[in-house]
Amino acid sequence: ARSITSTSTLDLLTPIRACRPPLHGPPLLFDMMMHFHRRLHSAIVLIVLVASIITTHVMSEGPSRYLTSRTKGSNSILLPKGALSEIRSVIESSSTAQSQQPSSILSSSSSSIISSSTPLRGGATQTSAPTTSSSVPKPIRVAFQGEAGAYSEKSLRELLGPNVIAVPRPNFESCYRAVASKECDYALMPIENSLGGSIHENYDLMLRYDLTIVAEHDFRVRHCLLTKPGMDVTKIKYAISHSQALSQCDNYLRARGITPLATYDTAGSAKMISSALKGDAFGREMPEGCTPDNTAAIASDLAGLTFGLECKQEGIEDDDSNFTRFLLLGRKGVAQHLNKKTPCKTSLVFTLPNSAGALYKSLACFSLRDIDMSKIESRPMSAALLNYLRFKNAVTYSKQATSSQKYGKDLPRFRYLFYLDILSSELDEGVQNALHHLREQSDYCRVLGSYPAKSRLVGPVAEAVEALNVANAGKPSTGDLRLKKLPSDEDEARQLKIGLIGYGKFGNYLSQQLSQHSVRCIDTLDKSKEAEENNVEYYPNFDMTNFLQGLDVVIITVPMIELEETLESLPVDKLRNKLVVEVCPLNVYPKTVLTRMLPSEADILCTNPMFSPGMNVDGRSGKSLDGLPFVYEKVRIRDTSRADSFLSTFERARAQMVEMASEDHDAYVADAEFVTHLTGRLLDRNLLPVTPVSSREYAALCDLADLTGNDTFDLFYGMFKFNDRAKMLLDKMRDNLASVERKLAAKEAYLAASAEMKNSERQKLLAECKMLLREMARSSAPAPVTESKKDGEDKPSS
């Protein structure tokens, strides 16, 4: 939730937003009210800061100097020397920060507000570094993707200097994970290339991890031809490098008759040649026919220095406009350290409804306030974010069923994210108003960071880099500052011995997810055939002692109603110094049983993997865990490394890891799980026949019936037995069904009565019509002629 929602003190102005005029005119009233709110907030903060300065002087110099002086009827406070100048500097600095967000003033201390700014390399600005008792600056660890000497490391050195510690990582996500776990301070990630375009994986990872952009750097890519020392260029037959680097040097290689061969990395190709020269095993990874005597590598000059190769020619790329934009990511932002003299950018991401003119209206939030934009790009959103928006919409519309809906309840299968870069700080007043305006139109909007543009550094990163440069000034170079491994690398590479007690459908499914570890299973039934298919070692039920021997993790996958009986049958002493994991749909009851029956030396982890065999979400196969929740509680953990290594298996599979107390988990999940499985069991397959044409609702019901049908009845009974509200939910379901039946019967009776009434009224109307017709016929018929009249007509007139 922290990576998806963002709040500020300006959210208190929700009633004021209703006063914002439509998009066709400038939003003056809205911006004026926001400006007044910030002025008032800044005045309050200023009073608090002045009071804190006076209090600091009182505590440091004694209260006797601040006694009230009553001379000639005056009542004034005697301020100490220097306090007045401090207060004046606070007032001056606050006047220059009027356009900043009020929360930024609160988050920074008075010393950071009144500190002076000094220039750093390349035009960067630096806040005065605080004085510390230690003269040794803290080292800075910066993660990058690739081998040592890669272009990412060279970009890192250009931006941060030679005194930071570079940490090479095997892939992009491991860089994000290293910063999020505080093993590294920053990560330098490529985001786009002038020739190859955007690197979409890093866009997606910025949403997955709660990191903030603190700087950017435009790196000029210059490819170098690297060979073993003293080699004749005319003897080069092959060039090895990354496929993209080879394509960028295609004309150079063709002109010299050099055959390009693709490898996994640019710096890695240099490492292959160097390893082959030394006779290392990695040198044998070179493509077939390649030797150090006939092969060159295309990489950076830093890779040549790192692996002891000679640079025969630099800048061999076909296009000299090859630039890669890098972003420096950290755990804390630097927006509060930006000033109006520093060119800056703000990167944000948002979604929009699928309606006409939605993008135009969102961009108008910035254009109407004269905010310049430098980039916009759209990307399909991830499954995790799409599921979150579905949950958010479901909650919203359940609470506001009668309100006007901006979006439909059913989100489309494809939703798009818009990434936007603007040339202003997040804390500028106009940007703040534009963001609040944008959030009214979007159901998801996140600021990825406000940072200085053009390779500048500000804030803590600038202070730390400058401190390292000062501490190492005049000292001889100690060589390349790199850290080859992180502590978490050992946990990820650690192969656990895992035992599954119970090898039903879910146990079988779990063994497939844990295939990187050594897995064994035991069951009351003969599961040897199923275990062999998944490369799992099977033990019969009578061989429990040998099964538990040497295990690191014991996962109990039996139904919840059999949990206590299963624990009673186990040799409890054999569970000492092991991690015991339960995977029940409810956690409070298993937590109580495990803590009561297991020895204190056994670690306990309560989990609820909210996925099952055959699950298919948005077209994903049942083996994909991307975005699916994995809820866990570390009930009693002594060996944290073992527990983290077990959990990292699901984290690397991109499951959504949610640490939650068992009591909270059951409060949120118990009722929903029971109703879901109850509904699925009521939907018998005979009620859902296969049809050539079906609606999305019908398909969803079929999926629900299939998913719940794969689970045993014992699992469902456990949800009923250990949920105190289950009987109430059953009664409610029965009442709802009876209510639906009554409504159907009432509707049917109403329609029948209406039809009968209409029929009786029709008969009555027909009778009236017949009567009227008779009367009309009677009135229009000629009158009968009498005899006297006939005789008179025969006589002639006199």
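Residues numbered from 1 in each chain as written. Predicted model: local features only at pLDDT ≥ 70, side-chain atom pairs only at ≥ 80, totals over all residues. Heavy atoms only, no water.

### Some details on the overall build of the protein chain
(1) Moving on: Of the regular secondary structure elements, the protein chain holds 28 helices and 25 strands.
(2) Moving on: Per-residue burial over the protein chain gives 43% buried out of 798 residues.
(3) Moving on: Pairs at least 24 residues apart make up 76% of the contacts formed inside the protein chain by residues separated by at least 6 positions.
(4) Moving on: Within the structure as shown, the protein chain displays about 42300 Å² of accessible surface, and the carbon and sulfur contribution to it stands at 55%. (Helix = DSSP H or I, 4+ residues; strand = E, 2+ residues; numbered from the N terminus. Buried < 20%, exposed > 50% of the residue type's maximum accessible area, 1.4 Å probe, protein only. Contact = heavy atoms within 4.5 Å. Areas by Shrake-Rupley, 256 points an atom, 1.4 Å probe, with all protein chains shown as cover.)

### Brief notes about the confidence of the model for the protein chain
(1) Moving on: Across the protein chain, the average pLDDT comes to 78, with 75% of residues at 70 or higher.
(2) Moving on: Low pLDDT, under 50, characterises residues 1–26; the stretch is placed with 46 contacts to residues that sit more than four places away or in other chains.
(3) Moving on: Taken together, the stretch residues 58–84 has pLDDT below 50 and engages in 23 contacts with residues farther than four places along the chain or on a different chain. (pLDDT = per-residue confidence, 0-100.)

### Digging into the pattern of salt bridges
(1) Moving on: Taken as a whole, this structure holds 30 salt bridges when the rule is applied.
(2) Moving on: Among the ionic pairs, Lys228 bridges to Asp293, the shortest N-O distance being 2.2 Å. In this pair, Lys228 sits in the loop between strand E8 (224–227) and strand E9 (238–242) while Asp293 sits in the loop between helix H11 (266–278) and strand E11 (295–299), placing the two residues 65 residues apart along the sequence.
(3) Moving on: Of the residues examined, Lys228 reaches a relative accessible area of 22% and is grouped as partly exposed.
(4) Moving on: Residues joined by salt bridges that share partners form a network here, namely Glu192, Glu216, Arg325, Lys345, Lys375, Glu377 and Asp421. (Salt bridge = Lys/Arg side-chain N within 4 Å of Asp/Glu carboxyl O.)

### Let's talk about the sheet that holds strand E22 (residues 579–582)
(1) Moving on: Here we have 8 strands laid out as an open sheet, ordered E20-E19-E18-E21-E22-E23-E24-E25, and mixed in their pairing. For this open sheet the edge positions go to strand E20 (537–540) and strand E25 (656–659), each flanked by a neighbour on one side alone. Taken over all neighbouring pairs, the strand axes of this sheet differ in orientation by 25° on average, direction set aside.
(2) Moving on: Of the strand pairs in this sheet, strand E23 (residues 603–609) and strand E24 (residues 629–636) are connected by 6 bridges, and their pairing is antiparallel. Bridge pairing in E24 places Pro609 opposite Phe630. (Pairing = 2+ DSSP bridges. Axes fitted to C-alpha atoms, helices over the stretch in contact; angles between N-to-C directions.)

### Some details on the packing of aromatic side chains
(1) Moving on: Within this structure, the stated rule accounts for 16 aromatic pairs.
(2) Moving on: Judged by centre distance (6.5 Å) and plane angle (90°), the ring pair of Tyr264 and Phe282 falls under edge-to-face. Pair noted here: Tyr264 is in the loop between strand E10 (259–263) and H11 and Phe282 is in the loop between H11 and E11, with a separation of 18 residues, a long-range link.
(3) Moving on: In this structure, Arg220 packs its charged tip against the face of Phe323, placed 6.0 Å from the ring centre.
(4) Moving on: Over the ring of Phe282 we find Lys271; its NZ or CZ atom is 4.9 Å from the centre of that ring. (Phe/Tyr/Trp six-rings, centres within 6.5 Å; stacked < 30°, edge-to-face > 60°. Lys NZ or Arg CZ within 6 Å of the ring centre and 35° of its normal.)

### Some thoughts on the packing of helix H24 (residues 662–682) against helix H26 (residues 713–721)
(1) Moving on: Look at H24 against H26: their axes get within 10 Å of each other, and the N-to-C directions meet at 135°. The orientation of H24 relative to H26 falls into the category oblique. Here the hand of the crossing between H24 and H26 comes out left-handed. Contact with H24, carried on its side by Glu673, Phe674, His677, Leu678 and Arg681, involves Phe713, Leu715, Phe716, Met719 and Phe720 of H26 and no other residues of that element. (Parallel < 35°, antiparallel > 145°, perpendicular 65-115°, else oblique. Left-handed = near helix turned anticlockwise from the far one by under 90°.)

### Thoughts on the pairing of E20
For a regular strand, side-chain orientation follows a simple rule: the groups alternate between the two sheet faces.
(1) Moving on: Two strands pair when backbone bridges link them, and strand E19 (residues 518–523) and E20 are joined in this way by 4 bridges, in the parallel orientation. Along E20, the bridge assignment pairs Asp523 with Pro540.
(2) Moving on: In this fold, E19 hands off to helix H19 (residues 528–533), which returns the chain to E20; that crossover is right-handed. (Right-handed = clockwise from strand over helix to strand, strands pointing away.)

### Thoughts on a positive patch on the surface
(1) Moving on: A surface patch of like charges, here positive, comprises Lys138, Lys182, Arg331 and Lys332.
(2) Moving on: Here Lys182 is to be found in the loop between helix H7 (172–180) and strand E5 (186–193).
(3) Moving on: For Lys182, a relative accessible area of 66% translates into the label exposed. (Patch = residues over 30% accessible without salt bridge, like charges linked within 9 Å, V, L, I, M, F, W, Y side chains within 5 Å. Lys, Arg positive; Asp, Glu negative; His and termini not counted. Charge placed at Lys NZ, Arg CZ, Asp CG, Glu CD.)

### Topic: the sheet that holds E8
(1) Moving on: The sheet built from 5 strands is open, its strands ordered E10-E9-E11-E8-E12 with mixed pairing. At either margin of the open sheet sits one strand with a lone partner, and together these are E10 and strand E12 (310–314). Shown here is a sheet whose adjacent strand axes are inclined to one another by a mean of 30°, direction ignored.
(2) Moving on: Strand direction decides the pairing type here: E9 and E10, joined by 5 bridges, are parallel. Across the sheet, Tyr238 pairs through a bridge with Thr259, a residue of E10.
(3) Moving on: Along the sheet, H11 makes contact with E8, E9, E10 and E11, crossing E11 at roughly 150°.

### Some details on the nonpolar core
(1) Moving on: Ranked by internal contacts, the top residues of the largest apolar core, which has 41 residues, are Val142, Leu156, Leu160, Leu226, Leu328 and Leu457.
(2) Moving on: Residues in contact with Leu226, not counting those within four places in the same chain, are Ala270, Ile273, Ala296, Ala297, Ala299, Ser300, Ala303, Gly304, Leu309, Glu310 and Cys311.
(3) Moving on: Counting residues in each nonpolar core, the second largest holds 28 residues, with Leu205, Leu417, Tyr444 and Leu486 among its members. (Core = buried A, V, L, I, M, F, W, Y, C linked by side-chain atoms within 4.5 Å.)

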